[in-house]
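Report on the structure
Below are the chains, spelled out letter by letter.
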Protein chains: 2
Amino acid sequence: MEEPELQRLVAAIGEEILARLGKAPAVAAADSGACCQQCGEGDAAVCADKVCRVVAAGAGRVSCCPAVARAQPSIAALIDHTLLRPEATRSDILRLCAEARQYGFASVCVNPYWVPLAAEALRGTSVKVCTVAGFPLGAAMTEIKRAEAEAAVRTGATEVDMVINIGALRSGDYDAVKTDIQSVVEICHRAGALVKVILETALLDDRQKVIACVLARLAGADFVKTSTGFGPGGATVQDVALMRQVVGPEVGVKAAGGIRTLEDLRRMVAAGATRIGASASVRIVEAAA
Amino acid sequence: MEEPELQRLVAAIGEEILARLGKAPAVAAADSGACCQQCGEGDAAVCADKVCRVVAAGAGRVSCCPAVARAQPSIAALIDHTLLRPEATRSDILRLCAEARQYGFASVCVNPYWVPLAAEALRGTSVKVCTVAGFPLGAAMTEIKRAEAEAAVRTGATEVDMVINIGALRSGDYDAVKTDIQSVVEICHRAGALVKVILETALLDDRQKVIACVLARLAGADFVKTSTGFGPGGATVQDVALMRQVVGPEVGVKAAGGIRTLEDLRRMVAAGATRIGASASVRIVEAAA
């Protein structure tokens, strides 16, 4: 597809989606009790995603559903246990991995340098190693984001959270943004790894957020993600709901940045998040227990 | 050199330097009027560095020296005109380049994605293109920092500001830190480009700052630099003075992060900085004029 055509298409999709969102409720997903109506005996395999959302939004609201008992532990399984602070040491990373094993978090999310250490520490467990590419500014060259993703999956990561090229997006260079994502997606999918595309929503207006989601979908991303945690703002319920509506049910939405309590997590999941990035993960799951 | 030997050596050097610094004044360089005594007619070629420092610390203090008239414009030539915000657009970068041409800044410092654009915009001028590697967290893999530096110099950068591996340093993995720097230095020097090593001083204690400076020297860096501008703190007079004393007169010291006024710049130069990273560069040179 040529650049002008892509630009027109993306702009048109963006406008259409924004227009429709103007008529729809922002948060439509976590309707209390809907799980039971849909799944009968509450088969967690059928409605795992829905159950997780409703459970996380307040377990009492689906207490009639037998799936709740099975879904409850999955609060931990929603969380990427995250430590991306640059000053984190070897022992900090090892403690993060030990906590992830103990609580059954979906993954540990660490900077690339620590991927081999985390992969070794988590060998034989179900906890994945997630890392980042072009992080947190997103303004690296595409060839470097791709090389970073390639090195990450080669050394043990199975999930890569890449930052969109925010400046290119804001400059209207949609083809550059899409190629950037596609390049990382291609190298990761070849290795069986997932890609989450970080929008850094605090630096975008709603139209740009919609366009970024559309480009991430077009590029084959597995998730869109709100924030790096290093920007001027973190995840908001409004952004998560917007992103969920734009990407539809087949692409994940990861809420990250400023999620410090169980209540924060519940609000994000209720708005449509299927993964949570948090550093306060232990406190969150202990509050849930 | 084996890792234990390097560790012992670096630790010993660090302790020795810290002990000596305890007895020496932190800021020793910009003694008012010393320029004239040293250079007679104030030949800027002989004492350019000294004159710059003294001028920047307060022009009146060396008004007896004819070199002042020639040194005055070099305030702009001390500054890397910097725009590393991830949301910067194409037009922001072009404006930055236009300002750099107009005022004669040493360089523009931009994210890697914008290097080709800046190099094109500054072709035929004396303004260099500076970019970053492993920025701002420093926790990328060494092979990626190296690849990033290689791509940067290939596409038009002649200065690369790389971030030290802060977590490895704080873990005592000095060999990893040194190899990381060396790897970038090697690829840059091969292309005739300079390397500045960012310590992110706000995340280090004094002993770690000294060790980082020693490692940067051992690795052949051209400059040490205080901060990324994205960390919890920016340049301080104390850190610049410490870094200058550790690296000696042959390695540059770049102060960056929070330098917003001419007075800020003067304090940094007086403490030993030979390059300044700033976004408020236009305001600073206009204040100087």
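Going by the structure above, here's the rest.
The paragraphs below set out a description of the structure included in this document.

Conventions adopted
- Counting from 1, residues in each chain are numbered in the order their sequence is written.
- Here every chain gets a letter starting at A, and every ligand a number starting at 1, in the order they are written.
- Where totals are concerned, whole chains, interfaces and linings use all residues; where local detail is concerned, this predicted model gives features only for residues with pLDDT of at least 70, and gives and counts side-chain atom pairs only at 80 or more.
- Only hydrogens and water are set aside when side-chain values are computed; all heavy atoms of the structure are taken into account.
- Every residue pair with non-hydrogen atoms within 4.5 Å of one another is taken to be in contact.
- Salt bridge, as used here, is a side-chain nitrogen of Lys or Arg placed within 4 Å of a carboxyl oxygen of Asp or Glu.
- N or O atoms within 3.5 Å of each other form a polar contact, as long as, within protein, one can give a hydrogen and the other can take it, and as long as residues adjacent in sequence are counted only when both atoms are side-chain atoms.
- Starting at the N terminus, helices and strands are each numbered in turn, a helix being any DSSP run of H or I of at least four residues and a strand any DSSP run of E of at least two.
- Under the convention adopted here, Pro, Cys and the residues Ala, Val, Leu, Ile, Met, Phe, Trp and Tyr are nonpolar, Asp, Glu, Lys and Arg are charged, and Gly plus all remaining residues are polar.
- Pairing between strands is defined by DSSP: at least two bridges between the two strands are required.
- Angles here are taken between N-to-C directions and fall from 0 to 180 degrees, while the axes themselves are lines fitted to C-alpha atoms, restricted in helices to the stretch in contact.
- Here the copies were fitted onto each other by least squares, based on C-alpha atoms from residues at pLDDT of at least 70 in both.
- Using a 1.4 Å probe on the protein chains alone, a residue whose accessible area is under 20% of its type maximum counts as buried, one over 50% counts as exposed, and one in between counts as partly exposed.
- The cut-offs work like this: below 35 degrees is roughly parallel, past 145 is roughly antiparallel, 65 to 115 is roughly perpendicular, and the gaps in between are oblique.
- Each crossing gets its hand from how the near helix is turned against the far one by less than a right angle, where anticlockwise is left-handed and clockwise is right-handed.

Taken together, the contacts link 36 residues of chain B with 36 residues of chain A. The tally of links from chain B across to chain A stands at four salt bridges. The partner of Arg90 of chain B in a salt bridge is Asp173 of chain A, and the shortest N-O contact between them spans 3.2 Å. At the junction of chain B and chain A, the tally comes to 12 residue pairs in polar contact (both at pLDDT 80 or more). Per-element tally for the side of chain B that touches chain A: the top contributor is helix α8 (residues 142-154) of chain B, with seven residues. Of the residues belonging to the side of chain B that touches chain A, the class tally is 23 nonpolar, six polar and seven charged.

This paragraph deals with the sheet that holds strand β8 (residues 275-278) of chain B. Through backbone hydrogen bonds, the strands of a sheet pair up, either in parallel or in antiparallel fashion. All names here are of chain B. Spatial ordering of the closed barrel is given by β1-β2-β3-β4-β5-β6-β7-β8, a layout of eight strands whose pairing is parallel. The average angle at which neighbouring strand axes cross in this sheet is 25°, direction not considered. Two elements, strand β2 (residues 107-110) and strand β3 (residues 128-133), share three bridges in a ladder whose sense is parallel. Residue Val108 lies in a different strand from β3, and its bridge partner there is Val129.

With that out of the way, let us pick up the relation of the copies chain B and chain A. Between chain B and chain A, which share one sequence, the superposing operator has a rotation angle of 180° and an axial displacement of 0.0 Å; the RMSD is 0.0 Å. The operation mapping one copy onto its partner corresponds to a two-fold rotation axis. For chain B, the smallest separation between a C-alpha atom and the rotation axis is recorded for Ile144 of chain B, amounting to 3.5 Å. When the interface residues of chain B are mapped onto chain A, 100% of them again fall at the interface, so both copies present the same face.

On to the pattern of salt bridges. Residue and element names in this part refer to chain A. Evaluated as defined, the whole model comprises 42 salt bridges over all chains. The residue Asp80 makes a salt bridge to Arg275 at a minimum N-O spacing of 2.6 Å. Linking Asp80 in strand β1 (residues 79-83) with Arg275 in strand β8 (residues 275-278), this pair joins segments that are 195 residues apart in sequence. Among the residues examined, Asp80 registers a relative accessible area of 0% and is labelled buried. Assessed through its relative accessible area of 10%, Arg275 is described here as buried.

The next point concerns the packing of helix α8 (residues 142-154) of chain A against helix α10 (residues 174-190) of chain A. Residue and element names in this part refer to chain A. For the pair α8 and α10, interaxial distance at closest approach is 9 Å and the crossing angle is 20°. By the criterion of interaxial angle, the relationship of α8 to α10 is roughly parallel. Considering the relative orientation of α8 and α10, their crossing is right-handed. Seen from α8, the contacting residues are Thr142, Lys145, Arg146, Ala149, Glu150 and Val153; seen from α10, they are Thr179, Asp180, Ser183, Val184, Glu186, Ile187, Cys188 and Arg190. When the residues that make up the contact of α8 with α10 are grouped by side-chain class, the tally is five nonpolar, three polar and six charged.

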